[in-house]
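# Remarks on the overall topology
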Amino acid sequence: MNRILILFAHPKFEQSRANKALVQMLENKEGVTFHDLYERYPDFNIDIISEKKLLTDHDVIIWHHPFYWYSCPPLMKQWMDVVLEFGWAYGANGKALKSKKCLNVITTGGTRAVYCSEGSNNYSVNEFLRPFEQTARLCNMEYLPPFTVMGTHNMSDEELENYTLKYEQLICELRQSLPFDKIKNCEFLNDTPQLKKVTSK
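Residues numbered from 1 in each chain as written. Predicted model: local features only at pLDDT ≥ 70, side-chain atom pairs only at ≥ 80, totals over all residues. Heavy atoms only, no water.

### Focus on the pairing of strand E4 (residues 101-108)
- Across the 8 residues of E4, 8 count as buried, placing the element largely inside the fold.
- Here E4 shows no split at all, with Lys-101, Leu-103, Val-105 and Thr-107 on one side and Cys-102, Asn-104, Ile-106 and Thr-108 on the other all buried.
- As defined by bridge partners, strand E3 (residues 60-66) adjoins E4 across 7 bridges and the pair is classed as parallel. By the bridge assignment, Ile-61 is partnered in E4 with Cys-102.
- Bridge count for E4 against strand E5 (residues 142-143) is 2 bridges, and the pairing is parallel. Its bridge partner being in E5, Cys-102 is matched across the sheet by Tyr-143.
- Pairing analysis gives 4 bridges linking E4 to strand E6 (residues 147-150), with the strands arranged parallel. (Buried < 20%, exposed > 50% of the residue type's maximum accessible area, 1.4 Å probe, protein only. Helix = DSSP H or I, 4+ residues; strand = E, 2+ residues; numbered from the N terminus. Pairing = 2+ DSSP bridges.)

### Some details on helix H3 (residues 48-56)
- Turning to H3, its buried residues number three or more, namely Glu-51, Lys-52, Leu-54 and Leu-55. All buried residues of H3 lie within an arc of 160° about the axis, which places them on one face of the element. For H3, the exposed residues set more than 90 degrees away from the buried face come down to Ile-49 and Lys-53.
- Residues of H3 that are buried sit in contact with strand E1 (4-8), strand E2 (32-36), helix H2 (37-40), E3 and helix H4 (74-83).
- N-cap assignment for H3: the residue whose side-chain oxygen lies 3.3 Å from the backbone N of Ile-49 is Asp-47. (Arc of directions from axis to C-beta. Contact = heavy atoms within 4.5 Å. Polar contact = N/O pair within 3.5 Å; in protein donor to acceptor, adjacent residues only side chain to side chain.)

Just geometry here; none of it tells us what the structure is for.
Shown next, in the form of structure tokens:
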């Protein structure tokens, strides 16, 4: 079965009700490594060799983070800048991550309605995540659609529990050595674009 590495970055994790619920679900999950970047590197001094080994030892890479100014928190960007080196992650001889699966798991305070062409943010979450998609492709990884938890500011306990269960089911799906197309079409990962089309009518 696939081994999953969750690269988690949240500078104010203790204040995030949604992320606390999602992360708590991951505790003691077999085959899942939870790696809290802000806990590991509070000084932003990233151990590149250690991070590369983590990547090498896993089959699925998840960038789990809140949506900060239409992107990720600064430590995750720093991680990408220094760990995904030319000649290792990409380039003519950079094949270390080839064929690994990769996706974003994100939380947003804003609702789905604001992330579309007619919403206040003008673009969909998928469009804002294009740099992550291109990064994965450049590194020869198979990029999956994002798993999104949106509207967290006003989310009920029941809604949050439902998202947590969906995340758990997604992790179970990713653990299995399923064909890329089957995972890519997983309902949990295609929730955002489907609703985006409905909202944009």
